[in-house]
Amino acid sequence: MSLPRHIAIIMDGNGRWSKDRAKPRHLGHKAGLEALKTIIEAVAKRGIRYLTVFAFGIENWLRPSEEVNYLMSLFLTALKRDIGRLHEHEIQVLFIGDRKRINTELIRSMEEAEALTRQNHKMTLIVAFNYSGRWDIEQACQQLAQKVAENIMPVSAINEAMISHHLSTAAWPDPDLFIRTSGEQRLSNFLLWQLSYAELYFTEKYWPEFDENELEKALAFYALRERRFGQISEQIGMKDAS
Ligand code: IPE
Ligand code: IPE
Ligand code: MG
């Protein structure tokens with residue numbers, strides 16, 4: 001079975017999961033964190049090299065402040081509590097997103113996590129936190145414009161590869177498989193540039209219900225895709241889905 005090298009996930013439906021169970025929203029986020037831990041280990045176990053998860057989008061600041069505060073403190077607690085275990089599993093942890101609006105204690109924990117796990121090569125976990133796809137493209141444009149203004153490079157040097165190289169994801173291949181839970185079928189300003197050729201998988205399951213068995217279903221879906229990248233079937237041959 002052909003496996004993706006890089007999976008990107010929008011972990012959605014924590015709120016509806018809790019609503020269905022007549023529980024407060026924060027318990028949905030707590031349950032979502034448990035699901036994330038299960039999926040990180042399941043992805044690593046399969047030898048998949050990169051996993052990017054959308055943990056907090058720039059637009060999520062618009063939520064009620066109690067929820068935003070809860071998410072920030074959950075994130076900090078989880079980072080402090082679970083980074084050791086990720087390190088034991090030889091997982092490198094990195095963060096993408098705008099660090100400007102995040103509180104200093106959280107930033108410090110994020111930097112410590114990155115430093116601690118820097119040498120790990122089993123899997124790279126990329127956490128998109130205070131991230132948006134348009135922000136990423138905007139900051140890449142600013143870097144490129146700066147280089148042109150300083151005569152470091154000519155305008156003609158700006159091409160696709162150069163833009164990719166200035167995105168926050170420059171160090172990794174683009175995702176092969178995109179997963180969104182909870183029945184929503186949209187990108188919500190996630191990796192806009194990087195998902196150009198990803199296979200898109202949507203499931204009705206809420207994120208807290210997404211377990212190893214659900215991951216298997218997504219991987220089985222992926223294995224059956226024929227990725228043509230503009231070519232026709234005959235040029236690439238029928239893919240062996242067995
Ligand atoms: C995703 O679940 C978690 C975050 C955005 C942090 P939601 O909180 O969006 O859950 P729904 O969409 O309200 O069910
Ligand atoms: C996207 O989910 C962001 C994260 C999962 C962190 P949302 O649930 O906030 O997305 P929309 O607003 O419904 O599109
Ligand atoms: Mg949602």
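Placed above this text is the structure.
Keep in mind that what you see is a predicted model, and the values were worked out from it rather than measured.

Undergrad: Provide a residue-level description of the packing of aromatic side chains, including the pertinent values.
TA: If you walk through the whole model with that rule in mind, you get 12 aromatic pairs. An angle of 35 degrees between the planes, with centres 5.6 Å apart, marks the rings of F56 and F129 as tilted. Of this pair, F56 sits in strand 2 (residues 50–57) while F129 sits in strand 4 (residues 123–131), and the two are 73 residues apart along the sequence. Residue F56 is classed as buried on the basis of its relative accessible area, which comes to 1%. Overall, F129 belongs to the buried group, its relative accessible area being 3%. Three or more aromatic residues joined by ring pairs form one cluster here, namely F56, W61, F75, F95 and F129.

Undergrad: Just give me the short version of the nonpolar core, but keep the residues and values in it.
TA: Counting 44 residues, the largest nonpolar core has I7, I9, L51, L106, L125, I179 and L215 as its most contacted members. A per-element tally of this core places helix 3 (residues 65–88) first, with 8 residues. Counting 16 residues, the second-largest nonpolar core is a separate cluster that includes Y50, I126, L195 and A198.

Undergrad: Which residues make up the pairing of strand 6 (residues 199–202), and what values go with them?
TA: Where burial is concerned, the two faces of strand 6 differ: the one with E199 and Y201 is buried and the one with L200 and F202 is not. The pairing of strand 5 (residues 177–180) with strand 6 spans 4 bridges and is classified as parallel. From the neighbouring strand, L177 faces strand 6, where its bridge partner is E199.

Undergrad: Account for the site of ligand 1, naming residues and giving values.
TA: Every residue close to ligand 1 is listed here: M11, D12, G13, N14, G15, R16, R25, H29, A55, N60, R63 and L71. A distance of 2.9 Å is found between an oxygen atom of ligand 1 and a backbone nitrogen or oxygen belonging to G15. Between R63 and ligand 1, the recorded distance is 2.7 Å, taken from a side-chain N or O atom to an oxygen atom. When isolated, ligand 1 has an accessible area of 380 Å², and the protein chains bury 86% of it. Elements represented by at least two residues in the shell around ligand 1 include exactly helix 1 (14–20) and helix 2 (25–45). Here the element with the most residues in the shell around ligand 1 is helix 1; it accounts for 3 residues.

Undergrad: Explain the sheet that holds strand 2 to me, using residue names and the numbers behind them.
TA: Ordered by their spatial adjacency, 6 strands build an open sheet running 3-4-2-1-5-6, and the pairing between neighbours is parallel. One side of each edge strand has no neighbouring strand; the edge strands of this open sheet are strand 3 (91–96) and strand 6. Averaged over all pairs of adjacent strands, the angle between strand axes in this sheet comes to 20 degrees, irrespective of strand direction. Bridge count between strand 3 and strand 4: 6 bridges; the pairing is parallel. Considered in strand 4, the bridge of Q92 is made with T124. The sheet strands contacting helix 4 (residues 104–116) are strand 3 and strand 4, and the helix crosses strand 3 at an angle near 140 degrees.

Undergrad: Which residues make up a nonpolar patch on the surface, and what are the values?
TA: On the surface, L187, L192 and L200 cluster together into a nonpolar patch covering about 210 Å² of accessible area. Counting through the fold element by element, L187 comes out in the loop between strand 5 and strand 6. Overall, L187 belongs to the partly exposed group, its relative accessible area being 30%.

Thresholds applied
Residues numbered from 1 in each chain as written. Chains lettered and ligands numbered in written order. Predicted model: local features only at pLDDT ≥ 70, side-chain atom pairs only at ≥ 80, totals over all residues. Heavy atoms only, no water. Phe/Tyr/Trp six-rings, centres within 6.5 Å; stacked < 30°, edge-to-face > 60°. Helix = DSSP H or I, 4+ residues; strand = E, 2+ residues; numbered from the N terminus. Buried < 20%, exposed > 50% of the residue type's maximum accessible area, 1.4 Å probe, protein only. Core = buried A, V, L, I, M, F, W, Y, C linked by side-chain atoms within 4.5 Å. Pairing = 2+ DSSP bridges. Near = heavy atom within 4 Å. Polar contact = N/O pair within 3.5 Å; in protein donor to acceptor, adjacent residues only side chain to side chain. Areas by Shrake-Rupley, 256 points an atom, 1.4 Å probe, with all protein chains shown as cover. Axes fitted to C-alpha atoms, helices over the stretch in contact; angles between N-to-C directions. Contact = heavy atoms within 4.5 Å. Patch = residues over 30% accessible without salt bridge, like charges linked within 9 Å, V, L, I, M, F, W, Y side chains within 5 Å. Salt bridge = Lys/Arg side-chain N within 4 Å of Asp/Glu carboxyl O.

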